[in-house]
Amino acid sequence: MIDPPGNIPLFLAALRSVPEKRGRAIVLREMIIALGVMVLFALGGGPLLAIFGIQITSIGVSGGVILFLIALKMLFPETHGPMIPTQSGEPFLFPLAIPLIAGPSILATLIELGRIETTFVVITALVGAWCISTVILVASSQLQRLLGDSGLAACEKVMGLVLLLFAVQMILDGLQATFPSELFARLNA
Amino acid sequence: MLELILKFFAILNPLGCMAQAVSMLRHFSPARQRRIIAREVSIALVILLAINAFGDQALSYLGIKITALQIGGGCILFLIAQSMLFPQESHAGDVADADIEKKEPFVVPLAIPLIAGPGIIANILIESEKHPPRIVTGALFAVWCISAGILLLAPQIGQTLGKKGLAVLDRFVGLLLILISVNMILEGVKAHFLPG
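## Overview of the confidence of the model for chain A
- Residues of chain A with pLDDT of at least 70 account for 85%, and the chain-wide mean is 77.
- Here helix α8 (residues 181-188) of chain A stands out as the element of chain A with the lowest mean pLDDT, 74, in contrast to helix α6 (residues 119-140) of chain A, whose mean of 84 is the highest.

Here it is as structure tokens:
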């Protein structure tokens, strides 16, 4: 569910403006943050969200909306949108750690599993999956060198497109999960 | 097939590309300009054909469904179209122009994103879900031939139409694209939430 191979192009897109060495450090840092968030969720995610009255699907929808805005900036760099300042700096917490690694599906699963399994089993499985993902993603930052500067520039628009489509998919999935499926069935009838 | 050709033609918008390409390349000699344009349109064709061939595998790999493609592609096309209807002072072409004044443009920004832009890429992927690959490839190739011809004749056409004529044309195509893009978004929303 962390889906490291699927995340590789998205990571490359987000890290395009950062030198390669720094990129690897950032990936590692973001992975550790994501692990922290996921462990937090496995331990007490349900009550935590309940305090603020946040539905789990809101994470997906809001993550999708912000990812959408970032992708728009990549596709149309000249538009002076009021929301997102031009990302010249390195990404921190968003969008790599949340929602690309610690995304809505893995967080929801952690909360569910927390009810069935013991905390120890859940945390062990999580750390195991996390280690594999980290190795894959850190290794993937090598791809940046392979592509080169002009290659990355050519990829940027395509990456922006992929990021945007991914964001729309997140929003759609979140909306569908929020509203009961009977509602859509009734609308269809 | 014909509707596909017309649709691709409107989205690829070779006449709009032409105006920007001319302004970007005005520092080169006509013969050199023609060589650059010929190279860039060939690169764009290769890219578009590759997307046509492998695009859907890439999308399913990322877990992106066709409805998300319709909605996302519609949003991009809408934004492109509205910038054609309400042109800004600092146009995208001018910004790019400042960077490459002396350097010869290679792949970026002529092949990508001016010719093989996000709008046409998204549309190729959508249409290849609806039609057999032979038809999409054929339509794509036909539109590319026309566009390549127009771009190669860019200096002459620009002179005939004049600045005003090009601006008027841009408005018309922009309006058409707004309609196409809203239709894409609506189709995507409907297909996602009310399948069948």
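## As for the pattern of salt bridges
- This structure, assessed with the given rule, holds five salt bridges over all chains.
- Here Glu30 of chain A and Arg29 of chain A are joined by a salt bridge, their closest N and O atoms 3.0 Å apart.
- Look at Glu30 of chain A and you get buried, because its relative accessible area is 0%.
- Note on Arg29 of chain A: relative accessible area 24%, which makes it partly exposed.
- Linking Lys130 of chain B and Glu187 of chain B is a salt bridge whose minimum nitrogen-to-oxygen distance equals 3.6 Å. Here Lys130 of chain B is found in helix α7 (residues 118-130), whereas its partner Glu187 of chain B is found in helix α9 (residues 154-193), with 57 residues between them in sequence.
- On the accessibility criterion, Lys130 of chain B (46% relative accessible area) is partly exposed.

## Considering the interface of chain A and chain B
- Contact with chain A, which involves 25 residues of that partner, is made by 27 residues of chain B.
- The tally of links between chain A and chain B comes to one salt bridge.
- Counting across the interface, chain A meets chain B through two residue pairs in polar contact (both at pLDDT 80 or more).
- Where the side of chain A that touches chain B is concerned, the elements lending two or more residues are α1 (4-14), α3 (56-75), α7 (143-178) and α8 of chain A.
- When residues of the side of chain A that touches chain B are assigned to their parent elements, the largest contribution, 14 residues, is made by α7 of chain A.

## Things to note about the nonpolar core
- Counting 113 residues, the largest nonpolar core has Met38, Leu107 and Leu110 of chain A together with Phe8 and Leu177 of chain B as the members making the most contacts within it.
- Tallying contributions element by element places α7 of chain A first for this core, with 11 residues.

## Examining helix α5 (residues 104-116) of chain A
Residues and elements named next belong to chain A.
- Its 13 residues place the ends of α5 19 Å apart at the C-alpha level, agreeing with the 18 Å of an ideal helix rising 1.5 Å per residue.
- Every buried residue belonging to α5 is among Ile106, Leu107, Leu110 and Ile111, and all of these are buried. Buried residues in α5, looked at end-on, bunch into an arc of 140°, giving them a common side. Of the residues in α5, the exposed ones pointing more than 90 degrees away from the buried face are Arg115 and Ile116.
- The inward-facing, buried residues of α5 abut α2 (20-52), α3, α4 (96-101) and α6.

About the cut-offs
Residues numbered from 1 in each chain as written. Chains lettered and ligands numbered in written order. Predicted model: local features only at pLDDT ≥ 70, side-chain atom pairs only at ≥ 80, totals over all residues. Heavy atoms only, no water. pLDDT = per-residue confidence, 0-100. Helix = DSSP H or I, 4+ residues; strand = E, 2+ residues; numbered from the N terminus. Salt bridge = Lys/Arg side-chain N within 4 Å of Asp/Glu carboxyl O. Buried < 20%, exposed > 50% of the residue type's maximum accessible area, 1.4 Å probe, protein only. Contact = heavy atoms within 4.5 Å. Polar contact = N/O pair within 3.5 Å; in protein donor to acceptor, adjacent residues only side chain to side chain. Core = buried A, V, L, I, M, F, W, Y, C linked by side-chain atoms within 4.5 Å. Expected span 1.5 Å × (residues − 1). Arc of directions from axis to C-beta.

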